[in-house]
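So the chains spell out like this:
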Amino acid sequence: MIQNLQFYQGTKTDPYENLALEAYFLQNCPPDTCICYLWQNQKTVVIGKNQNAWRECNLELLERENGRLARRFSGGGAVFHDLGNLNFTFIAPLADYSVSRQLNVICQAVGQFGLNAQKNGRNDITIDGRKFSGNAFQKTKYNGCHHGTLLVDVDMEQMSRYLTVSAEKLQSKGVSSVKSRVVNLKELCHCITTEKLSQAIFTAFEQVYGLSAQILPASSVDWDVVQEKAKAFSSWQWRLGKDLPFSFEISHRFVWGEILLRFIVNGGKTVKVQVYSDVMDTDFIERIPALLQGLPVSFSTFAKALFPLTKLPQYAPMAVDLQTFLLNSPQRIKGDEVE
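Figured I'd write up the structure that's included with this text. Keep in mind that what you see is a predicted model, and the values were worked out from it rather than measured.

Topic: the packing of helix α1 (residues 15-27) against helix α10 (residues 223-234)
In step 1: Running from N to C, α1 and α10 point in directions that differ by 120°, and their axes come no closer than 8 Å. In terms of orientation, α1 and α10 fall into the oblique class. Here α1 runs over α10; the crossing is right-handed. Along its contact with α1, which presents Tyr16, Glu17, Leu19, Ala20, Leu21, Ala23, Tyr24 and Gln27, the element α10 presents Trp223, Val225, Val226, Gln227, Lys229, Ala230, Phe233 and Ser234.
In step 2: Residue classes in the contact of α1 with α10 are distributed as 11 nonpolar, three polar and two charged.

So this is what it looks like as structure tokens:
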């Protein structure tokens, strides 16, 4: 049971340091405590742990215009941050981790401005069907992390220029562009600002949990540890990795997310498999390559190889969907190529 609340308001706009501080809190959350951490990044595209950076954003344009690419440790899709966006993070021990309760904090905070917010789909918070918040999740052995964006007054033109959302993903949402999918809270309530929303979240945090929150000073953080983590988050290897040459790739959007399978083929067998996805459960994605590597190139063989995942209740629906897609793929394999 949550007995203590801790609140930290970030003051820096460096995405690598902010993600490092989040990782620090996740690693050092005290028992029976829920931490609420608010933070902002300046002109940054943040992608999910298993996403392909080149596929998700216009990286050349972003870097040419002094933007930055960051990769978080949770799953989910790509998002754009500027100072018109407020990010929130909730961290709690697994026994006390409650996404519904944490979402209630955000909905109540927005409600203080006369807006009726609702959870929609797998990870969105919307008002009248328009998204103003995307959420993602991560669990360690002991603690859970729930974080998300809050679009207050984001530059939508920049967002649409930097994010390269697939047409298939947009079609699944019934919209024609990323801009038409989302809404700034300021458009719905002209008086709202990131500063006022931060205070509203603090108030709602205390109300939902029925406790007074301790405001953490910067001196409570071991900044040497945070800086070491920031180096890892800013490294080329973590952000971009090695984009392998490939023989072929296949992709599909399911109700639970988009997945792209990339295969290196030699002598009719898969030498290496890369999987990119915006799926929330990163563990499911990370189990796939080992099951497919070294197999003869055959969609039916790939489908059969996913059988162990169908025996795990948390992965079974996604695994079955992926098997069905592979068995019914419109692509045909010819030699080491796919037509």
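The discussion continues.
Let's talk about the nonpolar core
In step 1: Counting 37 residues, the largest nonpolar core has Val110, Phe132, Leu185, Leu197, Ile201 and Phe205 as its most contacted members.
In step 2: Per-element accounting of this core gives the leading share, eight residues, to helix α9 (residues 194-209).
In step 3: When sequence neighbours within four positions are dropped, the list of residues in contact with Leu197 reads Leu86, Ala109, Val110, Phe113, Leu150, Val152, Leu185 and Ile192.
In step 4: Membership of the second largest hydrophobic core comes to 29 residues, among which are Leu261, Leu292, Leu306 and Ala319.

A word on α9
In step 1: For α9, which comprises 16 residues, the first-to-last C-alpha distance of 22 Å matches the rise-based estimate of 22 Å (1.5 Å per residue) to within 8%.
In step 2: Of all the residues in α9, the buried ones are Thr194, Leu197, Ser198, Ala200, Ile201, Phe202, Ala204, Phe205, Val208 and Tyr209.
In step 3: Trailing α9 by a residue or two, Gly210 shows a phi angle of about 65°, which is positive.

Section: empty space enclosed by the protein
In step 1: Throughout the structure, instances matching the rule amount to one cavity of 30 Å³ or more.
In step 2: For the largest cavity, the calculated volume is near 60 Å³.
In step 3: Every residue along the wall of the largest cavity is listed here: Gln51, Arg55, Glu56, Glu258, Ile259, Leu260, Tyr276, Ser277 and Asp278.
In step 4: Among the secondary structure elements, those contributing two or more residues to the lining of the largest cavity are α2 (53-56), β13 (257-266) and β14 (269-277).
In step 5: Considering every element that reaches the lining of the largest cavity, the biggest residue donor is β13, with three residues.
In step 6: In terms of residue class, the lining of the largest cavity is made up of three nonpolar, two polar and four charged.

Quick word on the side chain of Ser198
In step 1: Positionally, Ser198 belongs in helix α9.
In step 2: Since its relative accessible area comes to 8%, Ser198 is described here as buried.
In step 3: The contact partners of Ser198, leaving out residues within four places of it in the chain, are Phe7, Gln9, Leu38 and Leu86.

Looking at the sheet that holds strand β6 (residues 85-93)
In step 1: One open sheet accounts for eight strands, arranged β7-β8-β9-β10-β6-β2-β1-β11; its pairing is mixed. Edge positions in the open sheet fall to β7 (118-120) and β11 (213-215), since each of these has one partner strand only. Each adjacent strand pair in this sheet contributes to an overall mean axis angle of 25°, direction not counted.
In step 2: Pairing geometry for β7 and strand β8 (residues 124-127), over three bridges, is antiparallel. Across the sheet, residue Gln118 finds its bridge partner in β8, namely Thr126.

The rules behind each value
- Residues numbered from 1 in each chain as written.
- Predicted model: local features only at pLDDT ≥ 70, side-chain atom pairs only at ≥ 80, totals over all residues.
- Heavy atoms only, no water.
- Axes fitted to C-alpha atoms, helices over the stretch in contact; angles between N-to-C directions.
- Helix = DSSP H or I, 4+ residues; strand = E, 2+ residues; numbered from the N terminus.
- Parallel < 35°, antiparallel > 145°, perpendicular 65-115°, else oblique.
- Left-handed = near helix turned anticlockwise from the far one by under 90°.
- Contact = heavy atoms within 4.5 Å.
- Nonpolar A, V, L, I, M, F, W, Y, C, P; charged D, E, K, R; others polar.
- Core = buried A, V, L, I, M, F, W, Y, C linked by side-chain atoms within 4.5 Å.
- Buried < 20%, exposed > 50% of the residue type's maximum accessible area, 1.4 Å probe, protein only.
- Expected span 1.5 Å × (residues − 1).
- 1 Å grid on protein atoms, 1.4 Å probe; cavity = no way out; pocket = protein on both sides within 12 Å on 5 of 7 lines; lining within 4 Å.
- Points joined across faces, edges and corners; volume = space filled by probe spheres on them.
- Pairing = 2+ DSSP bridges.

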